[in-house]
Amino acid sequence: MLLYAVVPADATVPETRGLVGHRLETIRGALAAVIVEECSDRLRATNDESGAFAKIICDLATRTLMLPIRFPTLLTTTSVVLAELQANQAAWRERLSELDGLSEVVIRAQWAQPDRDLGLASDSSGTTYLVNRASAIHRREASVAEITDLVRSCAREIKVLHSQRGVRIACLVGNADVPKLRDAVLSWRQAGGHRQVVVGGPWPPFSFVDQEAVGA
Amino acid sequence: MSDAMESWPDEQVALIDLIDRVIGGGVLITGDVVLGVAGVDLVYLGLRLVLAPAHEVDQSVALLRRSA
Amino acid sequence: MDETIVHAYGVVAAGAPNSQFPPGIADTSVWVFGANNLAAIVSLLPVEGFGVTDWQRNAGNVSWLRHVAHRHHEVLQHVANTAAVVPLRLPSLYRNLESLADTLHAANDRLERDLRRVQGKLEWAVKVYRAAEEQSSAISTATASGRDYLMARSRDLSARSGAREQLREQVREIHDALGQVSAEYVRNQPQDAVLSGRREQMLLNGAYLVSSVDQARFLELAAEIADDSLALGFWVEVNGPWPAYNFTGDAETAAREAIE
């Protein structure tokens, strides 16, 4: 079975169909529950499936508090899911209550001149290349600092995500504060410097499911 | 990522970021996994869980696990 | 039914973010295979063409090796950009996933230790080459006497050995200066011309494990050193960042063969 999300033990899950067309079911433990879909052994794992899964998760999140589960996660039987609940439900319940009323927003900022070299080792070893690379790192760090300052007043937790181009920052924000955060970021964009600034979300808290908000 | 990403509509960029979070974030359930690829004999390991396959167009996946 | 063999590129922590990988060896898909707290990045290769005997048979086949090494590297590079990874050296074959799982379990402590060691850090390679062949000083054959010749020769030899010592000292200083902004650094055997592809003599073959907070500083220092070194008669070449081959696993033994 394909796993969707961890939800409160008494959550009401809508009658909807999942990725492979079966009805979503809820396996309940004492302190938390898991939303699953019966799934034959074969699952296509392409971008389309990931996108479809994402949409289902986002819809579910409008109906119930949840911790989304990484896609695709499959367990074979109900008893195995119950074993996972047994091991983790206390921590899950605690985190769920901490996330009540909060959503994730991801800010992506890219420059007019893409620093696409930053992720790749290069054959070039000239000093110009090294200095440019160092400048790109400084520029990235400066952007992270600026964005972090900007969102500090609305974001409960902040996590810098990896990005090959530009910067990406995930923020855990109160639902009521999302428009305020979005406005702040978009006005910052007007101030110039960045070619493209995109604010994604609000989404379920993919980056904040663990109790410590510090990334690996 | 495409070189022209800066000229993509915001919505498209946001969708990419959402998919990245769906496969790269979320609750992680760990254990031993068994993988099978279409056309290959499946191997039983006898332990618990499955991790995400890398995403590839038109790649069918058989994911298998023996119950605990 | 085609038989496959498991090729493992590297090992990450189970929680490492997943993403779209580049194509693997022989255009195979790259998978993440979890074993408790660790995960291996793998491809299932066809035994026909990539079995153990094929690797042995192709040991001298440059184009075969180049493809394999390139794909292996590309996958590892992709992983290293987002997560700490213990890169595995070629060949890296396992009969099946079960035997890979056994290996991961058995080596669990060492792999965890290696992952902690390289967490948030990347490896950079710095090579220093002598810019020009040392000019032999023209000892005039028109010296007055044999004794003059011997004295001139002796002065010349000691000047040259003094110069050599000065060169070694300068190279050591470069190595140590870069080491100051590194978490760890090692010196490996200089490569000979066949491996390096350069005619010039390699004076330093250094590897530096640099924390991400120090990356910019390291690069700026390396650029400065490269500029200054031209005047002193060296070429300095900086490549990276790479997955940390020199600071994980069996690299310990390889690095201990360093000279000086």
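Residues numbered from 1 in each chain as written. Chains lettered and ligands numbered in written order. Predicted model: local features only at pLDDT ≥ 70, side-chain atom pairs only at ≥ 80, totals over all residues.

Here we look at the overall build of chain B
Stage number 1. Counting its regular elements, chain B contains one helix and three strands.
Stage number 2. Looking at the 68 residues of chain B, the share that counts as buried comes to 47%.
Stage number 3. Residue pairs at least 24 apart in sequence account for 24% of intrachain contacts in chain B once pairs closer than 6 positions are excluded. (Helix = DSSP H or I, 4+ residues; strand = E, 2+ residues; numbered from the N terminus. Buried ≥ 20, exposed ≤ 12 C-beta atoms within 10 Å, placed from the backbone. Contact = placed C-beta atoms within 7 Å.)

Some points on the sheet that holds strand β9 (residues 234–242) of chain C
Residue and element names in this part refer to chain C.
Stage number 1. Strand order in the open sheet made by the four strands is β7-β8-β6-β9, with antiparallel pairing throughout. This sheet does not close on itself; its edge strands, each paired only once, are β7 (184–187) and β9. Sheet twist, expressed as the average angle between the axes of neighbouring strands with direction ignored, equals 20°.
Stage number 2. As paired elements, β7 and strand β8 (residues 202–211) share four bridges and run antiparallel to each other. Counted as the bridge partner of Tyr185 is Tyr208 from β8.
Stage number 3. Helix α6 (residues 146–180) rests against β6 (121–130), β7 and β8 of the sheet, and its axis sits at about 10° to β8.
Stage number 4. Where helix α8 (residues 215–232) meets the sheet, its contacts fall on β6, β8 and β9, and the angle it forms with β9 comes to roughly 160°. (Pairing = 2+ DSSP bridges. Axes fitted to C-alpha atoms, helices over the stretch in contact; angles between N-to-C directions.)

What to know about the pairing of β6 of chain C
Residue and element names in this part refer to chain C.
Stage number 1. A large share of β6 lies buried, amounting to eight of its 10 residues.
Stage number 2. Here β6 runs beside β8; their pairing, made up of nine bridges, is antiparallel. Bridge pairing in β8 places Glu123 opposite Leu209.
Stage number 3. Bridging between β6 and β9 involves seven bridges; their strand directions are antiparallel. Bridge pairing in β9 places Ala125 opposite Asn239.

Focus on α8 of chain C
Stage number 1. In this model α8 of chain C runs 25 Å from its N-terminal to its C-terminal C-alpha over 18 residues, within 8% of the 26 Å that 1.5 Å per residue would give.
Stage number 2. Regarding α8 of chain C, the residues found buried are Gln215, Ala216, Phe218, Leu219, Ala222, Ala223, Ile225 and Ala226 of chain C.
Stage number 3. Elements in contact with the buried residues of α8 of chain C: α3 (127–151) of chain A together with β6, α6, β8 and β9 of chain C.
Stage number 4. Two residues or fewer past α8 of chain C, Gly233 of chain C is found with a positive phi of approximately 95°. (Expected span 1.5 Å × (residues − 1).)

What to know about the packing of helix α1 (residues 47–61) of chain A against helix α1 (residues 10–24) of chain B
Stage number 1. The interhelical angle for the contact between α1 of chain A and α1 of chain B, taken along N-to-C directions, is 85°, at an axis separation of 9 Å. Between α1 of chain A and α1 of chain B, the angle is such that the two are roughly perpendicular. Only Leu15, Leu18, Ile19, Val22 and Ile23 of chain B of α1 of chain B make contact with α1 of chain A, whose side of the interface consists of Asn47, Ser50, Gly51, Phe53, Ala54 and Ile57 of chain A.
Stage number 2. In terms of residue class, the contact of α1 of chain A with α1 of chain B is built from eight nonpolar, three polar and no charged. (Parallel < 35°, antiparallel > 145°, perpendicular 65-115°, else oblique. Nonpolar A, V, L, I, M, F, W, Y, C, P; charged D, E, K, R; others polar.)

What to know about the confidence of the model for chain B
Detail in the predicted coordinates should be disregarded across regions flagged by low pLDDT.
Residue and element names in this part refer to chain B.
Stage number 1. Here chain B shows a mean pLDDT of 56. Residues at 70 or above account for 35%.
Stage number 2. Here strand β3 (residues 60–64) is the element of chain B with the lowest mean pLDDT, 35, and α1 is the one with the highest, 89.
Stage number 3. Confidence over residues 34–68 falls short of pLDDT 50; this stretch has 107 contacts with residues more than four positions distant or in other chains.
Stage number 4. Model confidence for the complex: the whole-complex pTM is 0.80, and ipTM, which rates the interface, is 0.88. (pLDDT = per-residue confidence, 0-100.)

Here's the deal with the environment of Ile225 of chain C
All names here are of chain C.
Stage number 1. Relative to the helices and strands, Ile225 resides in helix α8.
Stage number 2. As a C-alpha pair, Ile225 and Leu178 span 47 residues in sequence and 9.1 Å in three-dimensional space.
Stage number 3. Residues within four places of Ile225 in sequence aside, it is in contact with Ile174, Ala177 and Val236.

Brief notes about the sheet that holds strand β2 (residues 24–28) of chain A
All names here are of chain A.
Stage number 1. Read across the open sheet, the four strands follow the order β2-β3-β1-β5; overall the sheet is antiparallel. The outermost strands of the open sheet, each flanked by one partner alone, are β2 and β5 (67–68).
Stage number 2. Sitting on the sheet, α1 touches β1 (2–8), β3 (32–37) and β5, and the angle it makes with β1 is about 15°.
Stage number 3. Along the sheet face, helix α2 (residues 78–98) touches β1, β2, β3 and β5 and points at about 130° away from the line of β3.

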